[in-house]
Amino acid sequence: MMISSLLEPALLVAVITVGLITGSGSVYGMMQTAAANSAAVFQPAYLLTFVAIFIILIGEACRIPVDDPATHLELTMVHEAMLLEFSGRYLALMELGAAVKQLIFITLLANLYIPLEGLFQIASPALALAVSLVLYLFKVLVITVLVGLTEVFTVKLRLFSLPNLGAISFTLAFLGFVQHFMLGR
Amino acid sequence: MEYYLDSLSLLILISSFVLVANKRINSYIKTFRLQSFLLVILAGVIGVEKFLTEGALDIIVVCVIILALKVIYIPRLLKNTVNKVEYKVEKDFFLNIPIGVLICCALVMLVYYSISSVVPMNSGHSQVYLVNSISVVLIGLFFMISRKKAIGQIIGFLVLENGLFTTAMLTANGMPVIIELGMFIDLLTAVMIMGVLVFKINENFESIDINKLRNLRG
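### So, a nonpolar patch on the surface
All names here are of chain A.
Here is step 1 of the chain: Taken together, the side chains of Phe-86, Tyr-90, Leu-93, Met-94, Leu-96, Val-100 and Ile-104 make up a nonpolar region of the molecular surface, amounting to roughly 670 Å² of accessible area.
Here is step 2 of the chain: Inspection of the secondary structure puts Met-94 in helix H5 (residues 88-113).
Here is step 3 of the chain: In this structure Met-94 comes out as partly exposed when scored by relative accessible area, which is 32%.

Next comes the structure, spelled out in structure tokens:
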């Protein structure tokens, strides 16, 4: 919870920036605009907010630079400490909740920043659904590989270093906002 | 094409933010190497483009020199210096890191403000380039004054020079080769002399903390 609250401002600024660029308040609208114009994701504001949301994803999903999900030491627990008093199906529910949260952030990143749908023009609805499902799984795989690489190449930070991550994430999102605001693109 | 150059200049800016957020000398060196590598890619893209349009090889030559100097030689030199001086990890900065990062954000705002009073905004890509690369110069300067250890200041100087190079590369497609070569040789000598100075400071004061350089010794 504490980590989430540290990362909250960055998330707000990042998503609002993407909303301003695409001119839509709903995630679906943002996705559609990105899919219609795939080259647009290379513009600076997108890049900045991508890095910002990626840091937020790692924080919210309790991955290694922020929190070690496989820890057995009570001293290093952040997310696990909440689960200590649960067992059986309650523990399963808590784990499911964490997994769903992680998938939501991964989906946000995958759909906003990897628009591959525009490459395929398929008439039949069933085939289109199948193709987009495969595409979605592929995009989730790409993001999870990125997360995994981050886990491999970094070590767990001290709890008191986490505000640094929050500050970087917020700064990048804010710079993206300013870049969009000043340059209009 | 322009979007890629936009993004590259932005990645250089992001890497300097990462540098400000770093705590250890070894990760300064790693981040500096990463930034120089991005610079090599930038110079390579512009150089190939210029070669295809005008048939001039000069920027590709500069690109190879940066690769040899800034990605391979200078980081190794600095790493050797650090290994020989060998001091423990301790607090190395005057301001804590979140405040440093936010100050850098404010510096970028300042650059936006001052650039927009010189040339109007949204009149082409060069504004983005100008803002990003001048921000790198200012962040390098801020990095120099916010660190206590002499190595951090060398890295700040190098990042500052990276920013200057990026500015020249993106706004004017690079300076004449002879000037670039002169700058590189200057840089190389500067870094070598600074490395030797770090040794001497360490020898005399048993630390490279510049806070201790207050007394004159005859």
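There is more to say after this.
### Observations concerning the side chain of B:Thr81
Residues and elements named next belong to chain B.
Here is step 1 of the chain: With respect to the helices and strands, the residue Thr-81 is situated in helix H3 (residues 58-85).
Here is step 2 of the chain: Classification of Thr-81 by relative accessible area gives buried; the value is 6%.
Here is step 3 of the chain: Within the structure, Thr-81 has its side chain in polar contact with the backbone oxygen of Leu-77 (distance 2.8 Å).
Here is step 4 of the chain: Discounting residues that sit within four places of it in the chain, Thr-81 has contacts with Ile-151, Gly-195, Val-198 and Phe-199.

### Some remarks on the packing of aromatic side chains
Residues and elements named next belong to chain A.
Here is step 1 of the chain: Summed over all chains, the structure comprises eight aromatic pairs over all chains.
Here is step 2 of the chain: For the ring pair Tyr-46 and Tyr-113, a centre distance of 5.6 Å and an interplane angle of 85 degrees mean the geometry is edge-to-face. In this pair, Tyr-46 is assigned in helix H3 (residues 44-60) and Tyr-113 in helix H5, connecting sequence segments 67 residues apart. This pair shows no difference in class: Tyr-46 is buried, exactly as Tyr-113 is.
Here is step 3 of the chain: Ring centres 5.3 Å apart and planes at 70 degrees place the aromatic pair Phe-50 and Tyr-113 in the edge-to-face group. Of this pair, Phe-50 sits in helix H3 while Tyr-113 sits in helix H5, placing them 63 residues apart in sequence.
Here is step 4 of the chain: Among the residues examined, Phe-50 registers a relative accessible area of 22% and is labelled partly exposed.
Here is step 5 of the chain: Looking at Tyr-113, the relative accessible area reads 9%, which means it is buried.

### Quick notes on the confidence of the model for chain B
Here is step 1 of the chain: Averaged over chain B, the pLDDT score is 85; the fraction of residues at 70 or greater is 92%.
Here is step 2 of the chain: Taking the mean pLDDT of every element in chain B, the minimum, 85, falls on helix H7 (residues 177-205) of chain B and the maximum, 91, on helix H2 (residues 25-54) of chain B.

### Structural notes on the pattern of salt bridges
All names here are of chain A.
Here is step 1 of the chain: Counting across every chain of the model gives four salt bridges over all chains.
Here is step 2 of the chain: In this structure, the salt-bridge partner of Glu-60 is Lys-101, at a minimum N-O distance of 3.3 Å. Of this pair, Glu-60 sits in helix H3 while Lys-101 sits in helix H5, and the two are 41 residues apart along the sequence.
Here is step 3 of the chain: The class of Glu-60 is buried, set by a relative accessible area of 9%.
Here is step 4 of the chain: Under the relative-accessibility criterion, Lys-101 is labelled partly exposed at 30%.
Here is step 5 of the chain: Across the salt bridge formed by Glu-151 and Arg-63, the nearest N and O atoms sit 3.3 Å from each other. Note that Glu-151 is positioned in helix H6 (residues 125-153) and Arg-63 in the loop between H3 and helix H4 (80-83), a separation of 88 residues in sequence.

### A look at the packing of H2(B) against H3(B)
All names here are of chain B.
Here is step 1 of the chain: Across the interface, H2 lies against H3 with an axial gap of 8 Å and an inter-helix angle of 175 degrees. For the element pair H2 / H3, the angle class is roughly antiparallel.
Here is step 2 of the chain: Looking at side-chain class alone, the contact of H2 with H3 contains 21 nonpolar, four polar and six charged residues.

### A few points about the interface of chain B and chain A
Here is step 1 of the chain: Taken residue by residue, the interface counts 27 residues in chain B and 24 residues in chain A.
Here is step 2 of the chain: At the boundary of chain B with chain A, total buried surface from both sides reaches about 2200 Å², with 76% on carbon and sulfur atoms.
Here is step 3 of the chain: Inspection of the region where chain B meets chain A yields two residue pairs in polar contact (both at pLDDT 80 or more).
Here is step 4 of the chain: When contributions to the side of chain B that touches chain A are tallied by element, the ones reaching two or more residues are helix H1 (2-21), helix H4 (97-118) and helix H5 (126-146) of chain B.
Here is step 5 of the chain: Top element by residues in the side of chain B that touches chain A is H1(B). It accounts for 10 residues.
Here is step 6 of the chain: Tallied by class, the residues present in the side of chain B that touches chain A amount to 18 nonpolar, seven polar and two charged.

### Examining the environment of A:Ala52
All names here are of chain A.
Here is step 1 of the chain: With respect to the secondary-structure elements, Ala-52 resides in helix H3.
Here is step 2 of the chain: Take Ala-52: its relative accessible area is 0%, and that puts it in the buried class.
Here is step 3 of the chain: The spatial distance from the C-alpha of Ala-52 to the C-alpha of Val-13 is 9.5 Å, given a sequence separation of 39 residues.
Here is step 4 of the chain: Leaving out residues up to four positions away in the same chain, Ala-52 has contacts with Ala-14, Ser-169, Leu-172 and Ala-173.

### Digging into H7(B)
Residue and element names in this part refer to chain B.
Here is step 1 of the chain: An ideal rise of 1.5 Å per residue puts 42 Å on 29 residues; H7 measures up with 41 Å between its terminal C-alpha atoms.
Here is step 2 of the chain: Looking at the buried positions of H7, the neighbouring elements they touch are H3 and helix H6 (150-172).
Here is step 3 of the chain: Looking one or two residues past H7, Glu-206 carries a phi angle of roughly 60 degrees, positive in sign.

What counts as what
- Just so you know, the residues in each chain are numbered from 1, in the order the chain's sequence is written.
- Written order determines the labels here, with chains lettered from A and ligands numbered from 1.
- Thresholds applied to this predicted model are a pLDDT of at least 70 for local features of residues and 80 or more for the giving and counting of side-chain atom pairs; totals over whole chains, interfaces and linings are not thresholded and use all residues.
- Based on all heavy atoms of the structure, the side-chain values leave hydrogens and waters out of the count.
- Within this analysis, patches are made of residues with over 30% relative accessible area and no salt bridge. Like charges are joined at 9 Å or less; nonpolar side chains (Val, Leu, Ile, Met, Phe, Trp, Tyr) at 5 Å or less.
- Areas reported here follow the Shrake-Rupley algorithm with a probe of radius 1.4 Å; residue values treat only the protein chains shown as occluding.
- For salt bridges, the criterion is a side-chain nitrogen of Lys or Arg within 4 Å of an Asp or Glu carboxyl oxygen.
- Secondary structure elements are defined from DSSP: runs of H or I of at least 4 residues count as helices, runs of E of at least 2 residues count as strands, and each element is numbered from the N terminus.
- To sort residues, take the accessible area from a 1.4 Å probe on protein chains only and compare it with the maximum for the residue type: under 20% means buried, over 50% means exposed, and anything in between is partly exposed.
- Whenever a nitrogen or oxygen atom comes within 3.5 Å of another N or O atom, the pair is scored as a polar contact, on the condition that within protein one atom can donate a hydrogen and the other can accept it, and that pairs from neighbouring residues in sequence are kept only if both atoms are in side chains.
- Every residue pair with non-hydrogen atoms within 4.5 Å of one another is taken to be in contact.
- Aromatic rings from Phe, Tyr and Trp, taking only the six-membered ring of Trp, are treated as a pair when their centres fall within 6.5 Å; an angle between ring planes under 30 degrees marks them as stacked, one over 60 as edge-to-face, and anything in between as tilted.
- On a range of 0 to 100, pLDDT expresses the predictor's confidence in each residue.
- Every axis in this analysis is a line fitted to C-alpha atoms, fitted for helices over the stretch in contact. Angles between the N-to-C directions lie between 0 and 180 degrees.
- Put simply, angles under 35 degrees are roughly parallel, angles over 145 are roughly antiparallel, angles from 65 to 115 are roughly perpendicular, and the rest are oblique.
- Ten residue types, Ala, Val, Leu, Ile, Met, Phe, Trp, Tyr, Cys and Pro, are classed as nonpolar, four, Asp, Glu, Lys and Arg, as charged, and the remainder, Gly among them, as polar.
- Buried area adds together the accessible area that both of two parts lose upon being put together, with accessible area traced by a 1.4 Å probe.
- For a helix, the expected span equals 1.5 Å multiplied by the number of residues minus one.

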